[in-house]
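Examination of the molecular architecture
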Amino acid sequence: MPKRIAVLLSGRGSNFEALADAVASGEIPDAELALVISNREGAPGIEKAQRRNIPCRVIPSRGLEREAYDRLLLAALEPAGVDLICLAGFMRLLSPLFIARYRERILNIHPSQRQALEYGVRYSGCTVHFVDESLDAGPIVLQAVVPVYDDDTVESLSDRILAEEHRLYPRAVRIVLSGRYRIEGRRVRLLEPVES
Ligand code: GRF
């Protein structure tokens with residue numbers, strides 16, 4: 001049985017597309033995109049899912065408290081029999097209730113360029129991590145680094161990081177779906193070599 005992936009997004013959906021491409025090409029083997037959910041109407045990511053004939057739902061979150069919204073999400077996800085949830089630009093924190101239901105089965109990706117330019121760092125990058133109750137701080141599956149150049153703008157640096165995100169997220173999903181890892185405290189121990 002192919003593993004069933006759900007993607008939660010709020011906007012553009014370029015990471016969703018990277019995952020969908022990787023499933024279609026077999027880079028993520030034995031998997032299918034079962035459901036895409038947006039909490040925002042008109043999210044371009046939803047149009048992208050529709051064009052690919054991937055089941056999608058818009059479940060607006062405006063005005064709803066965190067747990068009330070998460071119950072709606074769970075009601076949509078559970079009948080879909082989802083094995084892994086990938087947050088991809090999903091602009092909402094998930095409640096402990098939701099996280100407990102899908103413990104160690106939720107991934108998120110985020111860039112680390114916040115304030116990087118002003119701070120003067122030489123390298124920035126992105127992280128794929130399991131989602132736990134802490135903000136952007138669950139056990140890390142994979143990270144990628146990109147150089148920061150003297151003439152970078154926020155936009156040029158974000159573009160460089162985003163290109164890495166699109167490579168990194170499918171690799172992380174592939175690892176997690178393969179089951180070839182162990183979570184030990186904050187560390188994710190990979191049981192097979194990571195190709196770059
Ligand atoms: C990405 O930078 C992702 O890391 C962050 O939000 C952005 C979403 O972009 N969490 P997209 O919707 O996947 O194009």
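Report on the accompanying structure. Computed from a prediction, not measured in an experiment: that's the story for all the values here.

Here helix α3 (residues 66–77) contains twelve residues, and its C-alpha end-to-end distance of 16 Å stays within 8% of the 16 Å for a straight helix at 1.5 Å per residue. All of the buried residues in α3 are Y69, D70, L73, L74, A76 and L77. In a view along the axis of α3, the buried residues occupy a sector of 160 degrees, so they form one face of it. For α3, the secondary structure elements touched by its buried residues are β1 (3–9), β2 (31–38), β3 (56–58), β4 (84–87) and α4 (96–101).

The next subject is the side chain of H129. Inspection of the secondary structure puts H129 in strand β6 (residues 123–130). Excluding anything up to four places from it in sequence, H129 contacts I106, L107, N108, H110, D136, A137, G138, P139, I140 and V141.

Inspection of the region around the ligand gives R12, G13, S14, N15, G89, I109, H110, P111 and E165 as its neighbouring residues. R12 is positioned with one of its side-chain polar atoms (N or O) 2.5 Å from an oxygen atom of the ligand. S14 is positioned such that a nitrogen or oxygen atom in its side chain is 2.5 Å from an oxygen atom of the ligand. For the ligand, the protein covers 84% of the area, taking 370 Å² as the surface of the free molecule. Elements with a contribution of two residues or more to the shell around the ligand: α1 (14–25) and β5 (106–111). Here the shell around the ligand takes three residues from β5, the largest share from any one element. Across the shell around the ligand, the residue classes tally to two nonpolar, five polar and two charged.

Conventions and cut-offs
- Residues numbered from 1 in each chain as written.
- Predicted model: local features only at pLDDT ≥ 70, side-chain atom pairs only at ≥ 80, totals over all residues.
- Heavy atoms only, no water.
- Helix = DSSP H or I, 4+ residues; strand = E, 2+ residues; numbered from the N terminus.
- Expected span 1.5 Å × (residues − 1).
- Buried < 20%, exposed > 50% of the residue type's maximum accessible area, 1.4 Å probe, protein only.
- Arc of directions from axis to C-beta.
- Contact = heavy atoms within 4.5 Å.
- Near = heavy atom within 4 Å.
- Polar contact = N/O pair within 3.5 Å; in protein donor to acceptor, adjacent residues only side chain to side chain.
- Areas by Shrake-Rupley, 256 points an atom, 1.4 Å probe, with all protein chains shown as cover.
- Nonpolar A, V, L, I, M, F, W, Y, C, P; charged D, E, K, R; others polar.

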